[in-house]
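Given next are the chains, with one letter for each unit.
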Amino acid sequence: MKLTNEELEILAILEENHRQSVKSIAMQVQLSENKVAELIKKLENENIIVSYPALIDWSKVDGKENVVAMIDVKVTPKRGVGFDEVAEKIYRFPEVTSLYLMSGAYDLSVTVEGKTMKEIAMFVSDKLSTIDNVLSTTTHFMLKKYKHDGVIIEGKDDQDRRMVVAP
Amino acid sequence: MINYNQLLATQAVKLQPSGIRKFFDVASKMENVISLGVGEPDFVTPWAIRDMAIASIEDGFTSYTANPGLLELREEIANYMEWRYHLSYQPENQIIVTIGASQALDTAFRALLNPGEEVLIIEPAFVSYQALVTMAGGKPIPVSTWAKNNFKVTAEQIEKAITAKTKAILLCSPNNPTGTFLNKQDLSAIAEVVKKHNLIVVSDEIYAELTYDEEYNSIATLPGMYERTIVINGFSKAFAMTGWRLGYVCAPQPIIEVMLKIHQYTTMCAPHMLQHGAIEALRNGAEQVEEMRKSYRRRRNYIVEALNQIGLNCHLPGGAFYVFPSIQNTGLTSEQFAEQLLMKERVAVVPGNAFGESGEGYIRCSYATSLQQLQEAIRRIEKFLQSLGANTKLYERQVSL
């Protein structure tokens, strides 16, 4: 879908920080508030804006520390539906937070979140591996998050080292 | 007791300290200040550029370079000038890499001016211009511009200011502090006067990458102007490399030849390892420059609209990252306004008179700071205006942002 410059600008603004008023966005793109609200609605309806999540560092919250694993899954594609049917079976599990079809040594990349390593181990052995057409799984546990979706978790570049007034 | 004034050069003692410095001393000691006073990008230099400089130190590039800079860098500058501004310069003898655009300006005036010769400076202007001309033995002649004309200088104004001693005119577009952008039409009118009176243009194009509505035109591209224009640019603003102190100058070969003599005696060369970072900037930095430009543009739109809404009249500047709103309807001078705003609401701006007499009645706000900070600054300025508001009647229209 071809978007106008204004629409692209609105997307860039929302992607950086969607917690700002329509008015603030309108002022940045030199459009009226009504027009901006209308364009955002349109982008939402087109599912170009899919949702507005917050990036939360759960590792800082007592009792909420998560275990995340990325699992490489090899599957046998099925005639007629390819990988879609098995993918659907996997992504319906709520503990699966992302799922991608990959080129290369394996087929599906599955990200799973759980409270403990044991929980994830149970998911892999009881649920994932038992799905028809899943040939093998390789589970990698995530040790530390440095950067996520373009955001550096604790970046040094965020500090303002400039003098207060400069020519 | 030694009277140092007797021992120091009279002209140096008489130089006025930058109006910005006075303010800096106060503001830098305060807590919780939101600064709209910073004349530099809020981005850190893109990582690939930093990485290249680090690697060049690791690889031992710690010697001098050729006086005009690494040939490899001058070739990249030549390519960039051609690609970006349609200007063609020979890397071998038409380009010098300098310690920031500042040194390029200094060297240009030393090369151009005999004692007492005059340079027209379009005001409000960057704080260094007058002093640079004076230090080179010349005489700065301010030409004032006004908000009613979006701070654009006209050919008639320039014509009027020219005397038998006028040697050059210093242009800066987009301008610090007004953000004013001179388009092709504006420049053509100026160029005609320059040619008629056989002048040189020193064109400070440090903000050229940061233009938002119209395509950038260097005055050197206009007919008959290439041979009488000294183009000065640098890495500070476009690539967020202010602290690197790297600039460059491009000019006709006979001018560069003289400038290079001055450069080699004063400076030798720009730092070797940093020049490698600059090569990376020119080779692979365009995309990030574009991202930064888009980000500044949004913030410009926001702050201009916001300032006008809270009652500070402000034109939409075509470039740089400054807005220059009028504070005349508050009845305060620029310095009073800036000082009281800092003391009461802890927002730092620069009083317009720091940039020349015609800046009186204005303040310079830099929007090279995050949108969140800008929004908070606007809230505070609005509150400040309301505290003054009793006798101005301006603030009846309350705007919440």
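In this text the structure is predicted, and so the values were computed from the model without any measurement. (Residues numbered from 1 in each chain as written. Chains lettered and ligands numbered in written order. Predicted model: local features only at pLDDT ≥ 70, side-chain atom pairs only at ≥ 80, totals over all residues.)

Asks: It is not clear to me how the overall build of chain A should be interpreted in this structure. Could you clarify?
Replies: Looking only at helices and strands, chain A features five helices and six strands. Along its sequence from the N terminus, chain A presents helices and strands in the succession α-α-α-β-α-β-β-α-β-β-β. For chain A, the spread of C-alpha atoms along the principal axes amounts to about 60 × 45 × 30 Å. Considering only residue pairs separated by 6 or more positions, chain A has 55% of its internal contacts joining residues 24 or more positions apart. (Helix = DSSP H or I, 4+ residues; strand = E, 2+ residues; numbered from the N terminus. Contact = placed C-beta atoms within 7 Å.)

Asks: Can you help me understand the overall build of chain B in this one?
Replies: Per the secondary structure count, chain B includes 14 helices and 12 strands. Whereas a compact globule of 401 residues would reach a radius of gyration of roughly 21 Å, chain B reaches 21 Å, a difference of no more than 12%. The buried share among the 401 residues of chain B stands at 52%. Summarising the internal contacts of chain B: among those between residues at least 6 apart in sequence, 75% fall at separations of at least 24. (Rg over C-alpha atoms; globule rule 2.2 N^0.38 Å. Buried ≥ 20, exposed ≤ 12 C-beta atoms within 10 Å, placed from the backbone.)

Asks: What am I meant to see in the domain arrangement of chain B here?
Replies: Buried accessible area, meaning the area lost when the parts come together, often serves as the stated size of an interface. Residue and element names in this part refer to chain B. Segmenting chain B into domains produces domain 1 (4–45 + 287–396) and domain 2 (47–285). Residue-level contacts link 36 residues of domain 1 with 37 residues of domain 2. Elements that contribute at least two residues to the side of domain 1 that touches domain 2 include exactly helix H3 (19–27), helix H12 (286–309) and strand E9 (322–323). Along the lines of polarity and charge, the residues of the side of domain 1 that touches domain 2 split into 16 nonpolar, 14 polar and six charged. (Domains from an automatic or database assignment. Nonpolar A, V, L, I, M, F, W, Y, C, P; charged D, E, K, R; others polar.)

Asks: Before we go on, may I ask you to explain the packing of helix H1 (residues 5–16) of chain A against helix H3 (residues 33–45) of chain A in this structure?
Replies: The relative placement of two packed helices is expressed as an angle between their axes plus a distance between the axes. All names here are of chain A. The interhelical angle for the contact between H1 and H3, taken along N-to-C directions, is 80°, at an axis separation of 11 Å. Taken as axis vectors, H1 and H3 run roughly perpendicular relative to one another. Of the residues in H3, those in contact with Glu-6, Glu-7, Ile-10 and Leu-11 of H1 are Val-36, Leu-39, Ile-40 and Leu-43. In terms of residue class, the contact of H1 with H3 is built from six nonpolar, no polar and two charged. (Axes fitted to C-alpha atoms, helices over the stretch in contact; angles between N-to-C directions. Parallel < 35°, antiparallel > 145°, perpendicular 65-115°, else oblique.)

Asks: Whenever I open this one, the interface of chain B and chain A confuses me. Can you help?
Replies: Opposite the 26 residues of chain B that make contact, chain A presents 16 residues. Among the elements of the structure, H3 and H12 of chain B are those that each provide at least two residues to the side of chain B that touches chain A. In terms of residue class, the side of chain B that touches chain A is built from 13 nonpolar, eight polar and five charged.

Asks: What is the right way to look at the packing of helix H6 (residues 100–112) of chain B against helix H10 (residues 253–266) of chain B in this model?
Replies: Residues and elements named next belong to chain B. Where H6 meets H10, the closest approach of the two axes is 9 Å, and the angle between their N-to-C directions is 115°. The orientation of H6 with respect to H10, classified from their angle, is roughly perpendicular. Crossing geometry of H6 relative to H10 is assigned as right-handed. Here Thr-107, Ala-108, Arg-110 and Ala-111 of H6 lie close against H10, whose contacting residues are Ile-255, Val-258, Met-259, Ile-262 and His-263. (Left-handed = near helix turned anticlockwise from the far one by under 90°.)

Asks: How do you make sense of the pairing of strand E2 (residues 95–98) of chain B when you look at a structure like this?
Replies: In summary, the side chains of a regular strand alternate between the two faces of the sheet. Residues and elements named next belong to chain B. Residues Ile-95 and Val-97 of E2 are buried on one face, and the alternating residues Ile-96 and Thr-98, pointing to the opposite face, are buried as well. Note: E2 against strand E8 (residues 247–250), four bridges, orientation antiparallel. The residue bridging Thr-98 from the neighbouring strand is Gly-247, located in E8. (Pairing = 2+ DSSP bridges.)

Asks: How do you make sense of the confidence of the model for chain A when you look at a structure like this?
Replies: Caution is warranted with low-pLDDT regions, since their predicted coordinates should not be read in detail. Looking at chain A as a whole, the pLDDT averages 93, with 100% of positions reaching at least 70. Confidence, read as mean pLDDT per element, is least for strand E6 (residues 151–152) of chain A in chain A (87) and greatest for H3(A) (97). (pLDDT = per-residue confidence, 0-100.)

Asks: What exactly am I supposed to notice about unusual backbone geometry here?
Replies: Most peptide bonds take the trans configuration, and most residues that are not glycine carry a negative phi. Between B:Glu123 and the following residue, B:Pro124, the backbone shows a cis peptide bond with an omega angle of 0°. Here B:Pro124 is to be found in the loop between strand E3 (118–123) and helix H7 (129–135). Put simply, B:Asn176 and B:Pro177 share a cis peptide bond, and its omega is 20°. For B:Pro177, the position within the fold is in the loop between strand E5 (166–172) and helix H9 (184–196). Its identity is not glycine, yet A:Asn47 carries a phi of approximately 60°, on the positive side. Here A:Asn47 falls in the exposed class, since 8 other C-beta atoms lie within 10 Å of it. Here B:Phe151, not a glycine, exhibits a phi torsion of approximately 60°, which is positive. Considering the arrangement of structural elements, one finds B:Phe151 in the loop between strand E4 (139–144) and helix H8 (155–161).

Asks: Please clarify how the sheet that holds E9(B) should be interpreted in this entry.
Replies: Within a beta sheet, neighbouring strands are joined by backbone hydrogen bonds and run either parallel or antiparallel to one another. Residue and element names in this part refer to chain B. Reading across from one edge, E9-E12-E11 is the order of the three strands in this open sheet, with antiparallel pairing throughout. Looking at strand neighbours, the two that pair on one side only are E9 and strand E11 (350–351), the edges of this open sheet. Sheet topology places E11 next to strand E12 (residues 363–366); two bridges connect them, and they run antiparallel. The partner of Val-350 across the bridge, within E12, is Arg-364.

Asks: Even after reading the chapter, I still don't get the sheet that holds strand E1 (residues 67–75) of chain A, so can you show me in this structure?
Replies: All names here are of chain A. What the four strands build is an open sheet, ordered E2-E3-E1-E4; its pairing is antiparallel. A strand with exactly one partner marks an edge of an open sheet, and here the two such strands are strand E2 (96–101) and strand E4 (134–141). Averaged over neighbouring strand pairs, the angle between their axes works out to 20° when direction is ignored. Strands in contact with helix H4 (residues 84–91) are E1, E2, strand E3 (108–114) and E4; relative to E2, the strand with the most contacts, it is inclined by about 165°. Along the sheet, helix H5 (residues 117–128) contacts E1, E3 and E4; its crossing angle with E1, the most-contacted strand, is approximately 20°.

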